[in-house]
Amino acid sequence: MDFKSVEEKWQKSWGESKLFEVREDKKKKFYVLSMFPYPSGSGLHLGHALNFVIGDVFARFKRMQDFNVLQPMGFDALGLPAENAAIKACEHPEDYTNNSIKNYVRQLSSLGLSYDWSRVVNTADPDYYKWDQWIFLKMFEKGLAYQKESAVNWCPECNTVLANEQVQNGFCWRHEETKVKIKHLKQWFFKITDYADELYESIDSLDGWPQKTRAMQKNWIGKSHGTEISFEINGKNWNIFTTRPDTIFGVTFMVVSAQHKNLFELVTKEQKKEVENFLKRLNSVSEKELELMEKEGVFTGSYAVNPVNNEKIPVYAGNFVLADYGCGMVMAVPAHDQRDFEFAKKYGIKIKQVIDGKITEQRAFTNEGKLINSKEFDGIESNKAIEKITDFLIEQKKGKRVVNFKLRDWGISRQRYWGTPIPIIHCEKCGVVPVPEKDLPVKLPRQVKFGSGNPLLTNKDWINVICPKCGNNARRETDTMDTFVNSSWYFLRYADPKNNEKIFDKEKAGYWCPIDQYIGGYEHACMHLIYIRFYTKFLADLGLINFREPAKKLFHQGMLNGEGGVKMSKSKGNVVLPETVSEKYGIDTARLFLLSIASPDKPRDWSEKGIQGSLKFVNRIFDYFEKNVFGEDSKQTLSKLNKTIKDVTKEIDNFEYNTSLIKLRQLFEHIEKNRVSKDTSEKFLKLMSPFCSHIMEELWEKIGNKPFISNAKWPSFNEELIDEQLERIESIIDLVRQDIIKIKELAKIEKVSSVKIIVAPKWKWDALKIVKNVCGEKPDFRIAMNALMEKEEMKKNGKEIQGFLKVLMNKYNDFKLVNEFDEKKVLEEVKPLLEKEFGVIEIENAEESKEIKAKNAFPTKPALIVQ
RNA sequence: GCACGGGUUGGGGAGCGGUCAAACCCACCAGACUCAAAAUCUGGUCGCUUAGUGCGUUCAACGGUUCGAAUCCGUUCCCGUGCACCA
């Protein structure tokens, strides 16, 4: 069949009829969103296509279920990669990006994805990033956007600052080879930490999100309850943070971070030189080595006073204490913390045990337990002691309960061109002045020079402005925003993409949002997916929306690898393009294949051979409908159809596409064999339509329906028509047929003259019923045996019963499902059919059969004698 | 180290207490059709056996719970992913 013309025909038709364009109405809405792509110059490969296909199947399914489905698409066009790629190609990022987008739109359209193309969002469009700037101003207003001098992660390759989330193992997330350096710069931050607690706590309410993602976010935000305790050092109070105040009597030294900003207040004259040497040594080693380094430190010369027992304990500066977590200083309890333990061993510091437990030469005892050597707290369990000692410290005004987070504020400054300009003006007189809302957007100037440093610095006309406050000369902020800013709220803009007055209409956003089903990669678990939650909460606090989480359900799709499981990449030359596949097999076949291999959240490999199977299937479907001849449904057909509808409906909802495709295959096999009704055939087309939309559309029309199957009603199922017994009957008849064929072959019988079918003795079926009645669903051997022996008609088969029961127990104990039908009767019914095929058929019970002496067996299928 | 997720028959991949020697796809084998091949169709592919029912051994390893375990629990080994000196 000519896939290409069918695809083009329907894509055109869908487009012309604006089938997937939606507006707010009374119908129940459903918002399906696949994360928008960054339009790379190299275009989209089959792996990207798969991601979108997964979302598209879902959207099509929901649309047929009569939801008002919004499935938009857009482009995350700003960002470093585009800028770098453009520079490399000697193009302006704007032109480069626009070309890439054009290419993407072309490629996406040919995939037949059911997007509402009228809502495209492009983050590089000033009409879009204007609202990024607007949000920035709101944040600034609320004190959530602020500037501070800070040590930042600097990627020399990107030539810019990275957020904590973008540093991986000390390396840049985009440059696996490039070590991130620490630089001190004045940077813009979003105070995401103000939302840390809510971001952490409400993860539990996201039950439509994968468990793993939720765990990762929790881990990332890292909330821990603890106690802040102040220790007196040289007459001044220094705070530390601990989650184990129960071990405070075991403190034998203190460690302050080597990067602590007030470190030298603690260092005595005598120790100054040594501390300086220590710091010098730390600076000379690379980041990575630092990570692998042993716990090291140096004595500062100062002593702290333990607030619970007034012991004087030495204060060290150490390389293993983080300056920016907790207080930058810790109390060290070598007996009950492994790091402190190693440190104490190394420097010969006293180890004082205060929790009852075993400490070895190698390891501290880090579990909780009963307190010892802790004066009035002796004998108390850790968990209680934590409370009691904290209360005691609070009373003494030496401590307080605090909550600490690992999450840091989000550094959004980037010293690059292709991002949203930060709408700030620096005035010598007025200081930091926000650009007035009416002057938005602050557009990126086209004229800049790319080379070293921030390109925006090269356009003086753009930089030099008049201060909106005092009218004097001032300078624009030249930092641009992290690209994750753009993607943190785009889902809302889709609801009202062309609004020039407002960021979006409150009612429109209220109708469409939040996202019902969000789809995107695992890699976003800790970046984009935290930021988007943060933005949602902030916008809710501004009163723009009335929900606090962006997406009800989240799904992560698996990766598509190249042939043989090798990661698809240009350098390996194994990139598969959707165009190529389309040309050869049709995009529907490709969709079918990719979704058949594995469940959509698992990775899968491309296989040129594998797709043949899907092609075969597609062709068979086509052939069947080509004939356009239908018959009538048997009970079996109706049962199978309804069961399939039931299963497939549930499975698509759970993203179990692979298993639902198998069921659809099996349904089709039945349809093919049994010449079913037109209605059933049509229902099959509908069930297939989310997966193979073009072909189903074509066949739908071919058998005399009006377009479009794409918005036909999803079939409903009738539970009453589903009969598992019928399925069993079908399989028994099938087995008999297959056996006859096989025996015929084996015994080299040219023409079958007669077939004798021997079914299980009748008493067994009766016995089964008795056992079922007595034991219900959970049979017990003895009870069942006794019940059987009570019955007169069973007694005569006493010897066999035991064997029978044994088999019964092993094989058929789920009594709900054991077939109650009389095998003999069933076969009698289909006798004419079998006779037509094979000749004379005789059916008898095993006890009547001379040939078969019952062998203590409970046949699972009828035995045969073929002549 | 911590946190998740896994290890299933030649490959991929379902199954997650009983109808399980385990869906489905691929690969392979045999048969039909054909002069032949491709395509298509039919059957087979853990072992033994039978004309057929049948039996034995399997779902990383070892133990446990259960009348019954690929499925539940414990321990161990291996693999993947994320965070990693977070006090």
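Now for a look at the structure at hand. Just so we're clear, the structure is a prediction, and the values are computed from it rather than from any experiment.

**Observations concerning the overall build of chain A**
Across its full length, chain A carries 29 helices and 30 strands. The burial tally for chain A puts 55% of its 867 residues in the buried class. Sequence separation of at least 24 residues holds for 74% of the intrachain contacts in chain A that already meet a minimum separation of 6. For chain A, the accessible area works out to roughly 40400 Å², and carbon and sulfur atoms hold 48% of it.

**Quick look at the side chain of arginine 119**
Summarising the element assignment, arginine 119 is placed in the loop between helix H4 (93-109) and strand E4 (121-122). Polar side-chain contacts of arginine 119 include one of 2.9 Å to the side chain of aspartate 116. Here the side chain of arginine 119 touches alanine 495 through a polar contact of 3.3 Å, landing on its backbone oxygen. Sequence-distant contacts of arginine 119, defined by excluding residues within four places in its chain, comprise Val22, Arg23, Glu24, Leu70, Pro72, Met73, Tyr494, Ala495, Asp496, Pro497 and Trp512.

**Points about helix H16 (residues 528-541)**
For H16, with 14 residues, the first-to-last C-alpha span of 20 Å sits near the 20 Å given by 1.5 Å per residue. Of all the 14 residues making up H16, 13 are buried; the element is thus mostly covered by neighbouring parts of the structure.

**Considerations on the pairing of strand E12 (residues 253-257)**
Of all five residues making up E12, five are buried, and the element is well covered by its neighbours. Going residue by residue along E12, you find Phe253, Val255 and Ser257 tucked away on one face and Met254 and Val256 tucked away on the opposite face as well. Here E12 pairs with strand E15 (residues 329-332) via four bridges, running antiparallel. By the bridge assignment, valine 255 is partnered in E15 with valine 330. Pairing of E12 with strand E14 (residues 312-318), which is carried by four bridges, proceeds in the parallel orientation. Within E14, the position partnered with methionine 254 by the bridge is valine 315.

**Brief notes about the pattern of salt bridges**
Applying the stated criterion across every chain, the model contains 48 salt bridges. One salt bridge connects arginine 401 with glutamate 387, and the closest N-O pair in it is separated by 2.8 Å. You can see arginine 401 sitting in strand E16 (residues 399-405) and its partner glutamate 387 sitting in helix H12 (residues 382-395), a full 14 residues away along the chain. Its salt-bridge partner being aspartate 496, residue lysine 508 comes within 3.6 Å of it at the nearest N-O pair. Remark: aspartate 496 occurs in the loop between helix H14 (490-493) and helix H15 (506-512) and lysine 508 occurs in helix H15; sequence separation between them is 12 residues. On the basis of relative accessibility, which here comes to 7%, the residue aspartate 496 falls in the buried class. Three or more residues joined by partner-sharing salt bridges are found here, namely Glu198, Arg533, Lys537, Asp541, Arg548 and Glu549.

**Things to note about the environment of leucine 542**
Mapped onto the elements, leucine 542 comes out in the loop between H16 and strand E25 (551-555). Each C-alpha atom, one on leucine 542 and one on methionine 139, is 9.7 Å from the other, the two residues being 403 residues apart in sequence. Dropping the residues within four chain positions of it, leucine 542 is found in contact with Trp134, Lys138 and Lys142.

**Focus on the environment of lysine 138**
Looking at where lysine 138 falls in the secondary structure, it is placed in helix H5 (residues 126-141). Of the residues examined, lysine 138 reaches a relative accessible area of 14% and is grouped as buried. Sequence spacing of lysine 138 and glutamate 437 is 299 residues, and the spatial spacing of their C-alpha atoms is 9.8 Å. Setting aside chain neighbours within four positions, we find lysine 138 in contact with Glu437, Phe538 and Leu542.

Analysis parameters
Residues numbered from 1 in each chain as written. Chains lettered and ligands numbered in written order. Predicted model: local features only at pLDDT ≥ 70, side-chain atom pairs only at ≥ 80, totals over all residues. Heavy atoms only, no water. Helix = DSSP H or I, 4+ residues; strand = E, 2+ residues; numbered from the N terminus. Buried < 20%, exposed > 50% of the residue type's maximum accessible area, 1.4 Å probe, protein only. Contact = heavy atoms within 4.5 Å. Areas by Shrake-Rupley, 256 points an atom, 1.4 Å probe, with all protein chains shown as cover. Polar contact = N/O pair within 3.5 Å; in protein donor to acceptor, adjacent residues only side chain to side chain. Expected span 1.5 Å × (residues − 1). Pairing = 2+ DSSP bridges. Salt bridge = Lys/Arg side-chain N within 4 Å of Asp/Glu carboxyl O.

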